[in-house]
Structure formats: C-alpha cells, structure tokens
Amino acid sequence: MFREIRKIHGFGAVLLLLFFGPSLGRPQTPSPEQEIGDGWRLVWSDEFKGAAGSLPDSSNWTYDTGGGGWGNNEEEVYCAAGSNVSPCSSATPNAVLDGNGNLVISAINTNSTWTSTRMKTESIENLQYGRIEARMKLPMGAGIWPAFWLLGSNINTSGWPLCGEMDVMESVPQYGPSKTSSTIHGPFSGGNGVGSSFIFPNGGTISDFHTYGVIWSPNEAQFYRDDPSAPYFTIQNTSDIPGDWVFNHPFFLIMNLAMGGYFPGYTNSTTPNPAVMTVDYVRIYRRSHDLVAGPVSVNAGGDSEGSFFADTNFSGGGAVSTEATIDTSLIPAPAPPQAVYQTAREGESKYTITDLVPYAPYKVQLHFAETRVNEPGQRLFDVTINHQTLLDRFDIFSAAGGKNKAIAETFSANADKGGNIVVHLIPRDAAQPLISGLVVSQTADNEPTSGPVSIDSGGGDVGNFIADTDFSGGNQASSFVAVDTSLLSSPVPPQAVFQSERWAPSTYTIGGFAPGTTHTVTLYFNEIYWSQPAQRQFNVLINGSQVLTNFDIVAMTGAKNKAIEEQFQATANSAGQIIIQFTRGAADQPKISGIAVN
C-alpha cells in the first residue's frame, strides 16, 4: 500500500527553516473579487455545506479503508463515510458534515480500537499545478498525526516514491501546539523527505483555524500558511533536491487523521477521544492563461473545466462562446465537459506545448464543435503539428455531421528537439479556423518490436533508433545539454539518444530472435544529473544473469554528460527474447539512454 515507507521517515531529515510571518485568517467563502483580484480563479472546491450529519459529497471524495498498520504500525482502522463494516459504525461516523459549513473528521476509540478517515480525490479530481489549500483546525495529543497532502496519480504504475508526494501540512506531537511542516518525497529521498517547518506567531496554535496551502508550478512548489503571497518554504527542480524531480504531472488530494505508530509514537490515556480535525474548505485555484508544461489538456477559448486548463500556451485568434447544448455522442469516453465545446479559439492560431521529452512520441487529440456556421463547406482550414499537415481543408460541420456536434481528431506526433509540440491552425477561406480544446498526452503505444533493433530509451525516433518501446516500468527524463561522445566506438548514435533516458527500475523485453541464437547487446549510458562518482550505482541483468554490478556512469567516464557504452554477448531464451533488467544498486535509481541488440 502506498505511503507505507514514507510513514517511517526520519524526523531529523526535515529542514527546520522557520519563518515568522503574519497570520491572515481568510473568510469562509471568498468573494468573486478576491478570487480574481489576486490573479487566481477558483476552479474546484468543497465548502462542506450540507445538513448536520450528512456525508461528504461522493462526487468529490473516495476513501482508503482498513487497518494493518499502514507500514508504520499505526493503531487506526480507516473507515469510509457512513460505513458499517466493523469496526466502523454509521452511529459514530468518522467523516460527517456539522451543518455549519465544516467537515468533521473524527478518530474514535471504541473498545480499544481507533477508527478514523483517509479521504482522497483519486480518479475523481486529478490536478496539475495551481494553488491548493485547505482551511482547518487540528487536534493535539499523544499519537495524533493529521495531514493534508498530494500523491502522484501514477502511484499504481510507477509506485511510491517514484510517483512523488507533496505534504502540504503535517502535525505531530513532537512539534508542539504552534508548529506544522511541509515536505516533498521522491526517488531522491524515500521516507526522508526534504521540507521545512512553520511556527505560527503571536501565540497562534493549530487548534485555531489556519489555511495550509501550496502554490505548485512547473519545477517549483511554494508552501504557505494563511497568506499565499508570503510562502515560507520554496523548493525547485535545482540543487535543492538530490535527485530526479517527479512533480510535473497530475496528483490527487488526500486528507487523513492517523493515530499512533512507530512515528510519531503511540496514543495513550491522555489522547483525546474523539480526536477531531475540522475542515472549513478545500480549494484549488489556477491563474488564467499562465503557460503550462506538457503533457496537458487545454480548454481553447475558455476557463478551467475538469482536467482542462484555462486557455493558455496560444498565440493568435480570439475567444468565442455559445450557450447551445453540444452533442458529444461521437466523443470517446470519458468525454470532456460540455463547457469545453461551448468555448473556442477562432482565427489563425498556434498552441505550443513545452517541456516534453525531445523526440518522444505523444498523442495529440484535437476537439472541435461547429457552433457558428450552418452548412458544410462554410469553414475550411488546415491543421499542422510540428509543421506536418495532418488536416487538409478540414470542415468541422461535415466531419461531425452537423452544427453543435462535437468531434475529436487524434494523431501521433513526436516532440521536436526542444521538447515542443506546436499545433498550428491555418485558414483556407474567409471563415477562420476554430478549435475547442486540445490534449497532449504521453502515448500508451509500447508495441513489441522484433530484433535486431536500436531503441532510444525515454525518447523518440532519431536516426536508426526507434522511439522508446518494449519496456515496462521506469520514467522518462531529458536534458538539452551537449553530450561528449568521444569514448564511443563508431557508429556513434545521435546526440538525442543521450539527451533522453528511462530511469528507475525497468525491464526491456526484445523478441523476434531464434531461440538459442547469440546476439550483441550494446547499452548506452549518459549521466545527465549527478556529477560525482558513487552518487548513482545500479545493476543490469540480461536474461537473468547480472552483467553490471553497482555500475557508476560518472566513475567510468570521469564526467557528467559524457557517454559510455557497455557491450555483451547474450543468447536468446526459449521464447526468442533478450530480456534486459535495470535494478537499484548502492545509490539512487538505474537509468539507460539507449539499447541496441544485433
């Protein structure tokens, strides 16, 4: 179960960077002027308004349930709201509205068993970037550990800590009544996160209402208490962290009230029963039209809607809208919200999605709905992606079969050498191009290939190297720095092969060989992050035999951004496969830039 390891994190690893700033309590519901005047727009919230005794909105929250210690020997059993599965009881609910605009999360000890709640937005509201905050007051006492945090939505595929974790607020008894902390966890830290703590000034305590938040941007997170204009702790994708940054992708929210465990210690007779965590609201804000990093979904001409960002990353054209209902029957599930098709960008325009892996393959989905012309042939335009024409004299009305009817066109496209995908809409007649939305996502195409083959790990087609394929596990990363290839034998792969990589434990299964035949396996490596020996050491196995032990790229090359190759003879197994595994060694994560099997 995720977060099992992180709950045993080293208490001393948190950086105690104290900031004494003003405590600015916010009203329960912001006015529209506050939402817009400070540059932020509210895009999602739960204000917990409902009758006393009613349950949290099931369209916003789901639950982790059960006990078993959660990897930290904790005492609580987590219960879904309204559950009667023993030891949970709807007669003593652990998550309920109080009728005064608050959610009350209670840890309750009944017959020496603690029950509590861990609620989350997983698979309901996955978010990427913005200002995320909760206004709450917290319980204090032996063994009490309330938290408000974000976890990477790829937890089920990448695992923890590769998915990333951002703890916006944690409170433990060791902090005392006035201190809370914020911490990030990733492959660079495991349970020992990188973070800071905050002490409320002027006698303020966690038993008062305070706002706990983070301003999350590409390559940066700024944590604050009460006042978002004065973050007390900022961390960036720089030397602030000793490893790979894993926070430029969707996350989901979690609120929980843990009780006891190895850390922060166990409950006792002094622990309040019930221990009550009161939440006034949870809100997500975004700035309109801020540039965002890909992969991303953009609501062309409109505001934030569901997982779609407010219109951004564009040049040219103008916003148009309609109130007509749009027929989305042609759109594959899950269809975007109606509002995505009720707004559009009209006119010649370009959308530039940045911060992608250079040369890597992506899926580009373009959404259209003709809301303005009434006949086929009245609007014709071209669409190019990275200068390649993919729609010629496109007619939304004809393609969809009518007005106010949505259609999506999906393409595969490789990012350019700068990690960009540029979508250009070009007029072909007097009526200007029109687009309702676009989605750029990592391709799920990982079709097996037959050897012999050369693979650009983590990257796209370049030279005779094909886009990353035949893999399971790991993550993509890239760099734009020139790579020294002087140690390589001829023919030297293109620079781009060494500027992208697949990192973290992964396996490549390359088939299509005759069983028992012998082949040459060439592995290409380049260190784009570390600069000193012993900072990354990992193992490599081919068909189960370990061929590299605690392999250290910098120790072998003498420098960062200097490539090296390792070559082995391997025999295809009974299924005609060469299986190459990259596993953790003495330090950090394994990685690979390219593979050739001949």
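Residues numbered from 1 in each chain as written. Predicted model: local features only at pLDDT ≥ 70, side-chain atom pairs only at ≥ 80, totals over all residues. Heavy atoms only, no water.

(A) Seen up close, the overall build of the chain. Looking only at helices and strands, the chain has six helices and 41 strands in total. In terms of overall size, the chain behaves like a compact globule, its C-alpha atoms giving a radius of gyration of 26 Å where 598 residues would be expected to give roughly 25 Å. For the chain, the C-alpha atoms occupy an extent of roughly 70 × 65 × 45 Å along the three principal directions. A total of 598 residues make up the chain; the buried ones form 56% of that total. Within the chain, residue pairs in contact and separated by at least 24 positions form 74% of the contacts whose partners lie at least 6 positions apart. A total of about 22,400 Å² of accessible surface is found on the chain, and carbon and sulfur atoms cover 49% of it. With 32 positive and 55 negative side-chain charges, the chain shows a separation of 3 Å between the mean positions of the two kinds. (Helix = DSSP H or I, 4+ residues; strand = E, 2+ residues; numbered from the N terminus. Rg over C-alpha atoms; globule rule 2.2 N^0.38 Å. Buried < 20%, exposed > 50% of the residue type's maximum accessible area, 1.4 Å probe, protein only. Contact = heavy atoms within 4.5 Å. Areas by Shrake-Rupley, 256 points an atom, 1.4 Å probe, with all protein chains shown as cover. Lys, Arg positive; Asp, Glu negative; His and termini not counted. Charge placed at Lys NZ, Arg CZ, Asp CG, Glu CD.)

(B) Looking closely at the pairing of strand β34 (residues 500–510). For β34, the buried fraction is high: eight of the eleven residues fall into the buried class. Relative to β34, strand β33 (residues 471–478) runs antiparallel, the two sharing seven bridges. Looking at β34, one finds that N475 is bridged to W503. Relative to strand β40 (residues 591–592), β34 runs antiparallel, the two sharing two bridges. (Pairing = 2+ DSSP bridges.)

(C) Focus on the sheet that holds strand β7 (residues 118–120). Read across the open sheet, the seven strands follow the order β2-β7-β16-β9-β10-β11-β12; overall the sheet is antiparallel. On the outer flanks of this sheet lie β2 (62–64) and β12 (194–199), each paired with one strand and no other. Averaged over neighbouring strand pairs, the angle between their axes works out to 20° when direction is ignored. As judged from the three bridges shared by β2 and β7, these two strands associate in the antiparallel manner. Pairing of T62 across the sheet is with K120, part of β7. (Axes fitted to C-alpha atoms, helices over the stretch in contact; angles between N-to-C directions.)

(D) Representation of the state of the cysteines within the structure. Taken as a whole and assessed by the stated rule, the structure comprises one disulfide. Note that C79 is cross-linked by a disulfide to C88, the S-S spacing being 2.0 Å. In this structure, the disulfide formed by C79 and C88 twists by about -85° around the S-S bond and is classed as left-handed. In this pair, the class of C79 matches that of C88, namely buried. (Disulfide = S-S within 2.5 Å.)

(E) Expanded view of the confidence of the model for the chain. Per-chain confidence: the chain averages 89 in pLDDT, with 92% of residues scoring 70 or above. This model gives residues 1–36 a pLDDT under 50, and the stretch forms 108 contacts once residues within four places in sequence are excluded. (pLDDT = per-residue confidence, 0-100.)

(F) Structural view of the environment of A369. Along the polypeptide, A369 turns up in strand β24 (residues 361–369). Once you skip the residues sitting within four places of it in the chain, A369 turns out to touch I326, Y341, I396, K405, A406, L434 and S436.

(G) Main features of the packing of aromatic side chains. Inspection of every chain in the model, using the stated rule, returns 26 aromatic pairs. Following the ring pairs from residue to residue traces out a cluster consisting of Y129, W216, W245, F247, F251 and F309. Sitting above the plane of the Y281 ring, R283 keeps its charged end 3.4 Å from the centroid. Taking NZ or CZ as reference, R502 lies 3.6 Å from the ring centre of F471, over its face. (Phe/Tyr/Trp six-rings, centres within 6.5 Å; stacked < 30°, edge-to-face > 60°. Lys NZ or Arg CZ within 6 Å of the ring centre and 35° of its normal.)

(H) Structural detail: the side chain of E370. By secondary structure assignment, the location of E370 is in the loop between β24 and β25 (381–385). If near-sequence neighbours (up to four positions away) are discounted, E370 is found in contact with R379, I396, F397, K403, N404, K405 and L434.

(I) Region of the structure containing the pattern of salt bridges. Applying the stated rule across the entire model yields 18 salt bridges. Across the salt bridge formed by D382 and R428, the nearest N and O atoms sit 2.9 Å from each other. Here D382, found in strand β25, pairs with R428, found in the loop between β28 (421–427) and β29 (434–435); they are 46 residues apart in sequence, far enough to count as distant. The class of D382 is buried, set by a relative accessible area of 10%. A relative accessible area of 35% places R428 in the partly exposed class. Put simply, D588 and R536 hold a salt bridge, and the shortest N to O gap is 3.0 Å. Here R536 lies in the loop between β35 (518–525) and β36 (537–542) and D588 lies in the loop between β39 (578–587) and β40, a separation of 52 residues in the sequence. (Salt bridge = Lys/Arg side-chain N within 4 Å of Asp/Glu carboxyl O.)

(J) A look at the sheet that holds strand β38 (residues 564–571). Reading across from one edge, β32-β31-β41-β35-β38 is the order of the five strands in this open sheet, with mixed pairing throughout. Each of the sheet's edge strands pairs with one partner strand only, and the pair in question is β32 (466–467) and β38. Strand direction decides the pairing type here: β35 and strand β41 (residues 594–597), joined by four bridges, are antiparallel. Following the sheet pairing, V521 is matched in β41 by V597.

(K) Looking closely at the environment of V364. Residue placement: V364 occurs in strand β24. Between the C-alpha atoms of V364 and S412, which are 48 residues apart in sequence, the distance is 6.1 Å. Residues in contact with V364, not counting those within four places in the same chain, are I385, E409, T410, F411, A413, I421, V423, V439 and V440.

(L) Representation of unusual backbone geometry in the model. Looking along the chain, the bond that leaves W160 and enters P161 is cis, with omega of 10°. Locating P161 in the fold gives a position in the loop between α2 (155–158) and β10 (165–170). With an omega of 10°, the peptide bond between F263 and P264 qualifies as cis. Secondary-structure assignment places P264 in the loop between β16 (251–259) and β17 (275–286).

(M) Looking closely at the environment of R287. Structurally, the position occupied by R287 is in the loop between β17 and β18 (296–299). Residue R287 is classed as partly exposed on the basis of its relative accessible area, which comes to 36%. Separated by 22 residues in sequence, R287 and F309 place their C-alpha atoms 9.5 Å apart.

(N) Summary view of the side chain of T522. Structurally, T522 can be placed in strand β35. Beyond its immediate sequence surroundings of up to four residues, T522 is in contact with E565, E566, Q567, G594, I595 and A596.

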